[in-house]
Amino acid sequence: MTGIPWRTYVALGDSLTEGLQDFDETGNPIGWADRLAQMLADCAGTDIGYANLAIRGRLLAPILAEQVEPALALAPDLVSIWGGGNDMLRPDADPDAMAASVEAAVVRFREAGSDVLIGLGVDSRDSPIIRLTRNRTAIYNINLVGIAARNGARIIDAWNLRSLRDWRMWHEDRIHLNAQGHHRVAQAAFAALGLDPDDPDWAVPLPANAPMSRREQLDWNLTWGRQHLAPWLGRRIRRTSSGAGRTAKLPQYRTVSPRPAAGNAEATAERLAE
């Protein structure tokens, strides 16, 4: 094998990993995990198998209950686990219990011979409502870092990715990343694997925007509340999920081929050999 040791990759999670509000050049929905799969193929210089079991709206318990067994059956070289964001929006979320359930899954994958990537929750201190979940998310993240250390897993450190604190990285719903955000997360995941991202500025925040006037800020928030917050609250009241009735995005391996212009497999192999 050349370049990297991973020839199969399976992603587990919710809407973040399913990939919403991000599209390829043909208009097909993608996301950070799709982008990572392509980067891995480019780095390997050969085809890799990629499956994505994520389903939008899923809480952590259903993610683990529904996706771990199918992922194990695929016997992946690499697996990513990223969930818990939807749980944090509920006041009864228990970050310690959540982390313990993640560790049980990580142990199973590591015993099966898979390398594991674990995603941390994003720092929400600049979000007017979601920042109420910040303390719980911080506890959860600290637990996940310990889990990774104990079990030889890798961490996608979205919490400390400062560029994600910029609303230009997010869709107008303020919940899902846009293409720029997914690009940054894919680069962070690639770096977490010990590889060199192809964007040297992936962790650098964008230049500061001109501040909004009070009127612009009010209009922006009112539009968000009407178009996105109200429908979300409606689903919470009705106890319905955006993922109701949906199935895994890619339940079986899809072949991802290296892009002709990638040309970085040999250089990466040399770096890994040093």
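See above for the structure.
Conventions and cut-offs
- Residues numbered from 1 in each chain as written.
- Predicted model: local features only at pLDDT ≥ 70, side-chain atom pairs only at ≥ 80, totals over all residues.
- Heavy atoms only, no water.
- Salt bridge = Lys/Arg side-chain N within 4 Å of Asp/Glu carboxyl O.
- Helix = DSSP H or I, 4+ residues; strand = E, 2+ residues; numbered from the N terminus.
- Buried < 20%, exposed > 50% of the residue type's maximum accessible area, 1.4 Å probe, protein only.
- Core = buried A, V, L, I, M, F, W, Y, C linked by side-chain atoms within 4.5 Å.
- Contact = heavy atoms within 4.5 Å.

**Remarks on the pattern of salt bridges**
And step 1. Under the counting rule described, the total for this entry stands at 13 salt bridges.
And step 2. Among the ionic pairs, Asp42 bridges to Arg259, the shortest N-O distance being 2.3 Å. Of this pair, Asp42 sits in helix 2 (residues 32-44) while Arg259 sits in the loop between strand 6 (250-256) and helix 9 (265-273), and the two are 217 residues apart along the sequence.
And step 3. Of the residues examined, Asp42 reaches a relative accessible area of 5% and is grouped as buried.
And step 4. By relative accessible area, Arg259 is classed as partly exposed at 42%.
And step 5. With its nearest N and O atoms 2.7 Å apart, the salt bridge here joins Asp166 to Arg168.
And step 6. A relative accessible area of 17% means that Asp166 is categorised as buried.
And step 7. Each member of the salt-bridge network shares a partner with another, and the members are Glu18, Arg56 and Arg246.

**Topic: the nonpolar core**
And step 1. Core analysis: the largest hydrophobic core is formed by 36 residues, its most contacted members being Tyr9, Trp32, Leu36 and Leu40.
And step 2. Listed by contribution, the elements that provide at least two residues to this core are strand 1 (8-13), helix 2, strand 2 (48-52), strand 3 (78-82), helix 7 (179-192) and strand 6.
And step 3. Broken down by element, the residue count for this core peaks at nine residues, all from helix 2.
And step 4. In contact with Tyr9, other than residues within four places in its own chain, are Trp32, Ala33, Leu36, Ala37, Leu40, Gly49, Tyr50, Ala51, Leu78, Val79, Ser80 and Tyr253.

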